[in-house]
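Residues per chain, in single letters:
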Amino acid sequence: MRNRILLLSVIITLIIAPVLRADEGMWIPLLIEKYNIKLMQEKGFKLSAEDIYSVNKACMKDAIVHFGGGCTAELISPDGLLITNHHCGYGQIQRHSTLEHDYLTNGFWAMSAKDELPNPGLTVTFLKRMEDVTEKVLNGVSDDMDTEEREKKIDSNISAIIDLAVDGSNYKAAIKPFYMGKQYFLFVNEVFRDVRLVGAPPSAIGKFGGETDNWVWPRHTGDFSLFRVYADRENKPADYSIENVPYKPLYFFPVSLKGVKEGDFTMVFGYPGSTSQYVPSYHIDMVKNYLNPKMIGIRSSKIGIMEEAMNSDPLLRLQYSAKKSGLANSWKKWIGENQGLDRMGTIEKKREYEDKLLQWISADKSRSEKYGNLLPRYKELYSKLREYNLAASYTNEVYFNYGIEAIGFSRYIKTLEDLIKEKADAEKITMAKINLQAIASGFFRNYNSEVDKKMFVSLMKLYGENLDEKWQAPQYIKLRNSCDGEFEKIVDELYKKTIFADEDRFKAFVMSMTRGSVVRLHKDPFYILAEGVSDFLANNVRTEYMSLNDELQELNADYLSVQIEYAQDRVFYPDANSTLRVSYGNVKGYYSKDAVYYTYYTTLKGIIEKDNPEIYDYDVPEKLKELYWNKDYGRYTQNGEVPVCFIATNHTTGGNSGSPVLNADGHLIGINFDRAWEGVASDMAYNPDQSRNISLDIRYALFIIDKFAGAGYLLNEMKIIE
């Protein structure tokens, strides 16, 4: 064990030791003092590492939350006021919207605390502290253990560490691996469960440009929304109650009106989701040439069907807006990712690097014995893995991830079915029925059977065309053969037979469900498909897929080790894993292509230039145009114009949406929300010439709150730096 820890310390030193000059990297807050602060200060940062992360005093980390588990948000007042992206709050805004109160289209502003809207299920998570627990996690682990024994020991250690960390508190804890399991950190968190919607601009501001402008610079999107965290009278987490009061944070960010200029220091502090910086060429080839094209194709079909429906009816627009937005975000990213990987020649460069690495490995007998089979084994593994990966991903797109929704919804009844078959007590069964009724109400609120029928016909055909028959569930093959692949001939009949496409029929079936009903359930065509597909994935795809991934993780750990040994002058930062990270850089424009240079900021003038009342995503609100033509800008200007967005060189990814963008003084200057199209492949290959994070200028958010919405009282809560 001592040798393992000694090796670990050497590895981590090699990871960080080289002089850091690039803006690439997502850094661990706890280690900023040791490895990053000097360079940050050289780049312009005026504060200390303890101002960023500390357990001894209030600091920046205390103002940042993991918002809903998928985005970041930050506190901007002493009364629990949070700001995040509009697209992060989109689902909550949509759930509050009706045809009578269409907050997506018209926006929402609470003009007093009593108007703020609760959001059941929404949580925000504060990091209380983090700790390197590598030695504790690996205690008792030896190199001669097999994988199963090793993982069992590690899991046991992790459970004990977590139990001790949260004992006697209301905190929650998690341990995450870094550097392919070479290092482990404990995260102790406090989770608040009463989070209320305070304000959101209309979609024509908060989602201006829609999917056309998504992942693109120049950008003119006012991508922000406001929430408030509530606590009990002791400032502790509590379920929603009218007795709760605004949370009093340890720290909140001052808001700067000073703006940005080219070269200014910027820091992004948030929860980046996932990156893959150290993978072999075979991984990138699988993603770029095997997975992305198929996934882009099926998403194109799904998005097209939803857009057609949304353009035909205001209610359908409300029902499908959040679904379509979620699908389209990854769809467009994959397109840009492929283009970026092509532009950089990433696969070719990786292969050249691997050739040199293999030569270096072969030049030493001990290295050759340890690492000689790494790349050949990768080649074998990925030739299998890509098939299982595509089968799992594509099947999920067809049936379960906003695909054929009635089929996906049918899986929710499984829990109730099992309770009835097990002869559970009546109270449990009754509660399961009540819970299922609530789930059904939420599902059918945003469901239209005619749209789902179109989805059924399209996706069932694509499933047959794009997956080899060995990856198709037998229930699908039987259904396809029954109609000779012409699914439009049977779609109406199937939707008449199923209980999962009609709210009244489904709820009536659930409330009267008994053991005798189970027989009827197993005759439902969509339940048959859902169960058949789920069983097929479990028995024919996931087991082997997980086995291949387990081996892949072992290879990845060795591959990272050999890369560190080979390139001791290279910067190795940990891949993103949804834990709190710091990235830093500078405000900077870039060349998009030959003779095309993009400056670092956009203005309200650009919004007016894009105005098109015929297109939903470019229909600028009349009030905003009025403010522009009257030059009623207030104090939110730069060179006589209202700034909207800016770009910088910070390394970001999904999960950084809503992250604070801070200046050299630690003041809030923007809200991170996107990346520029040309550098969107930065999850696998950061391109310093074109990788740019896109942020909303905080002055535009304040301008909208104050001059457009008339909710200037919210600014009175903030500490505004002029």
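Residues numbered from 1 in each chain as written. Predicted model: local features only at pLDDT ≥ 70, side-chain atom pairs only at ≥ 80, totals over all residues. Heavy atoms only, no water.

## Description of the overall build of the protein
The line we're drawing: For the purposes of this entry, the term helix denotes a DSSP run of H or I that reaches at least four residues, the term strand denotes a run of E that reaches at least two, and both are numbered from the N terminus. Radius of gyration: C-alpha atoms only; globule rule: 2.2 Å multiplied by the number of residues to the exponent 0.38. Throughout this description, buried means an accessible area under 20% of the type-specific maximum (1.4 Å probe, protein chains only), exposed means over 50%, and partly exposed covers the range between. Residues are treated as being in contact if the distance between any of their heavy atoms lies within 4.5 Å. Only the protein chains shown count as cover for residues, and all accessible areas are computed by the Shrake-Rupley method using a 1.4 Å probe.
Helix and strand content of the protein: 27 helices and 22 strands. For a compact globule of 722 residues, the expected C-alpha radius of gyration is about 27 Å, and the protein comes in at 27 Å, within 12% of that figure. Expressed as a percentage of its 722 residues, the buried residues of the protein come to 58%. Looking at the protein alone, contacts between residues at least 24 apart form 78% of all its contacts between residues at least 6 apart. Surface summary for the protein: the accessible area is close to 30300 Å², and the carbon and sulfur share equals 49%.

## Quick look at the side chain of Thr125
Topologically, Thr125 is positioned in strand S6 (residues 124-132). Here Thr125 falls in the buried class, since its relative accessible area comes to 15%. Residue contacts for Thr125: discarding those within four places in its chain leaves Ile64, Val65, His66, Asn189, Glu190, Val191 and Tyr271.

## Some remarks on the pattern of salt bridges
As a reminder of what qualifies: Here a salt bridge means any side-chain nitrogen of Lys or Arg lying within 4 Å of a carboxyl oxygen belonging to Asp or Glu.
Here the structure, examined in full by the defined rule, presents 44 salt bridges. A salt bridge links Lys61 to Asp62; the nearest nitrogen and oxygen atoms lie 2.7 Å apart. We note that Lys61, like Asp62, is buried. Where Lys625 meets Asp611, a salt bridge forms, and the shortest distance between an N and an O atom there is 3.2 Å. Of the two residues, Lys625 sits in helix H26 (residues 622-629) while Asp611 sits in the loop between helix H25 (604-610) and H26, which places them 14 residues apart along the sequence. Looking at Lys625, the relative accessible area reads 12%, which means it is buried.

## Structural notes on the side chain of Asp194
Summarising the element assignment, Asp194 is placed in strand S9 (residues 194-200). Sequence-distant contacts of Asp194, that is, excluding residues within four places in its chain, are made with Arg228, Val229, Tyr230, Ala238, Asp239, Tyr240, Ser241 and Asn244.

## Describing the state of the cysteines
Here is the rule we go by: Here, two cysteine sulfur atoms that lie within 2.5 Å of each other are counted as a disulfide.
Within this structure, the stated rule accounts for 1 disulfide. Two residues, Cys71 and Cys88, share a disulfide whose sulfurs are 2.2 Å apart. Measuring handedness by torsion sign, the sulfur bridge of Cys71 and Cys88 sits at about -85 degrees and is left-handed. Here Cys71, found in strand S2 (residues 71-75), pairs with Cys88, found in the loop between strand S3 (81-84) and helix H5 (90-96); they are 17 residues apart in sequence, far enough to count as distant. Taken as a pair, Cys71 and Cys88 share a single burial class, namely buried.

## Comments concerning the nonpolar core
For the record, the criterion: For our purposes a nonpolar core is just a set of buried Ala, Val, Leu, Ile, Met, Phe, Trp, Tyr and Cys residues, chained together by side-chain atoms within 4.5 Å.
Met40, Leu226, Leu624, Tyr700 and Phe703 are the most contacted members of the largest nonpolar core, which totals 114 residues. The leading source of residues in this core is helix H27 (residues 698-708), at 8 residues. For Met40, the residues in contact, after removing those within four places along its chain, are Ile32, Phe45, Ile52, Phe265, Met267, Val582 and Tyr584. In terms of nonpolar packing, the next biggest core, distinct from the first, is built from 102 residues, Leu327, Ile361, Ile404 and Phe526 among them.

## So, the packing of helix H15 (residues 374-399) against helix H24 (residues 525-566)
Selection rule: Under this scheme, a helix contributes an axis fitted over its contacting stretch, all axes are lines through C-alpha atoms, and angles between N-to-C directions fall in the 0 to 180 degree range. Each crossing is labelled by how the near helix is turned from the far one, with a counterclockwise turn of less than a right angle marking it left-handed and a clockwise turn marking it right-handed. Charged residues are taken to be Asp, Glu, Lys and Arg, nonpolar residues to be Ala, Val, Leu, Ile, Met, Phe, Trp, Tyr, Cys and Pro, and polar residues to be all remaining types, Gly included.
For the pair H15 and H24, interaxial distance at closest approach is 9 Å and the crossing angle is 140 degrees. For the crossing formed where H15 meets H24, the hand is left-handed. Residues of the contact of H15 with H24, tallied by class, amount to 19 nonpolar, 5 polar and 5 charged.

## Things to note about the pairing of S6
Note the cut-off: In this analysis, strands are considered paired if DSSP registers two or more bridges between them.
Note: strand S1 (residues 64-67) against S6, 3 bridges, orientation antiparallel. What sits directly across from Val65, in S6, is Phe126. Relative to strand S8 (residues 183-192), S6 runs antiparallel, the two being bridged by 8 bridges. Each residue of the ladder has a partner; that of Asp132, found in S8, is Phe185.

## Side note on H26
What counts here: Directions are taken from the helix axis to each C-beta atom, and the arc is the one they span.
What H26 keeps buried is the set Leu624, Lys625, Leu627 and Tyr628. Angularly, the buried residues of H26 cover 160 degrees about the axis, an arc narrow enough to put them on a single face. Exposed side chains of H26 directed beyond 90 degrees from the buried face belong to Glu622 and Trp629. Considering only its buried residues, H26 is in contact with helix H9 (203-206), H25 and H27.

## Some points on unusual backbone geometry
Following Trp217, the chain continues into Pro218 via a peptide bond in cis, with omega recorded as 5 degrees. Inspection of the secondary structure puts Pro218 in the loop between helix H10 (210-213) and strand S10 (225-231). Positive phi, close to 50 degrees, is recorded for Tyr402, a residue that is not glycine. Within the secondary structure, Tyr402 sits in the loop between H15 and helix H16 (405-409).

## A short note on the pairing of strand S15 (residues 590-593)
Pairing between S15 and strand S16 (residues 596-598): 3 bridges, direction antiparallel. Looking across to S16, one finds that Tyr591 is bridged to Tyr597. Linking S15 to S16, which pair antiparallel, is a turn of 2 residues; within it Ala595 sits at a positive phi near 70 degrees.

## With respect to the environment of Ile647
Along the chain, Ile647 falls in strand S18 (residues 643-648). Taking the C-alpha atoms as reference points, Ile647 and Gly710, 63 residues apart in sequence, are found 28 Å from one another. Apart from residues lying up to four places away in sequence, Ile647 is in contact with Trp217, Val587, Lys588, Gly589, Tyr590, Thr599, Tyr600, Arg692, Asn693 and Ile694.

## Examining the confidence of the model for the protein
For the record, the criterion: As a per-residue quantity, pLDDT reports the predictor's confidence and falls between 0 and 100.
Chain-level statistics for the protein give a pLDDT mean of 94 and a share of 97% at 70 or above. Overall, residues 1-20 carries pLDDT values under 50, and its contacts beyond four positions in sequence, including any with other chains, amount to 43 contacts.

## What to know about helix H19 (residues 449-466)
Put simply, the test is: Each residue after the first adds 1.5 Å to the expected span of a helix.
Here H19 is 18 residues long and its end C-alpha atoms lie 25 Å apart, about the 26 Å a rise of 1.5 Å per residue gives. Regarding H19, the residues found buried are Val451, Asp452, Lys453, Met455, Phe456, Val457, Ser458, Leu459, Met460, Leu462 and Tyr463.

## A look at the packing of aromatic side chains
Where two aromatic rings form a pair, the distance of their centres and the angle of their planes describe that pair. Definition in use: The criterion for an aromatic pair is that two Phe, Tyr or Trp rings (for Trp, the six-membered ring) have centres within 6.5 Å, with stacked assigned to planes under 30 degrees apart, edge-to-face to planes over 60 apart and tilted to the rest.
Using the criterion set out here, one finds 44 aromatic pairs in the structure. Taken together, a centroid distance of 5.4 Å and an interplanar angle of 80 degrees make the contact between Phe208 and Tyr618 edge-to-face. One end of the pair, Phe208, is in the loop between H9 and H10; the other, Tyr618, is in the loop between H25 and H26, and 410 residues separate them in sequence. Each member of the pair, Phe208 as well as Tyr618, is classed as buried.

## Some details on the environment of Glu717
As a reminder, the rule being used: Any pair of N or O atoms that falls within 3.5 Å is considered a polar contact. Within protein, one atom must be able to donate a hydrogen and the other to accept it, and sequence-neighbouring residues count only if both atoms are side-chain atoms.
The residue Glu717 is located in the loop between H27 and strand S22 (720-721) in this model. What makes Glu717 buried here is its relative accessible area of 16%. When the C-alpha positions of Glu717 and Gly80 are compared, they lie 9.7 Å apart, and in sequence the two are 637 residues distant. Excluding anything up to four places from it in sequence, Glu717 contacts Ile76, Ser77, Pro78, Asp79, Leu81 and Arg228. Engagement of the side chain of Glu717 in a polar contact is seen with the side chain of Arg228, the distance being 2.8 Å.

## Observations concerning a negative patch on the surface
We count it as follows: Each patch is built from residues that are more than 30% exposed by relative accessible area and take part in no salt bridge. Like charges join if they lie within 9 Å; nonpolar side chains (Val, Leu, Ile, Met, Phe, Trp, Tyr) join within 5 Å. For the charge count, each Lys or Arg is scored as positive and each Asp or Glu as negative, with His and the chain ends excluded. A single reference atom marks each charge: NZ on Lys, CZ on Arg, CG on Asp, CD on Glu.
Taken together, Asp144, Asp146, Glu148 and Glu149 make up a surface patch of like negative charges. Among the structural elements, Asp146 can be located in the loop between helix H7 (134-137) and helix H8 (147-166).

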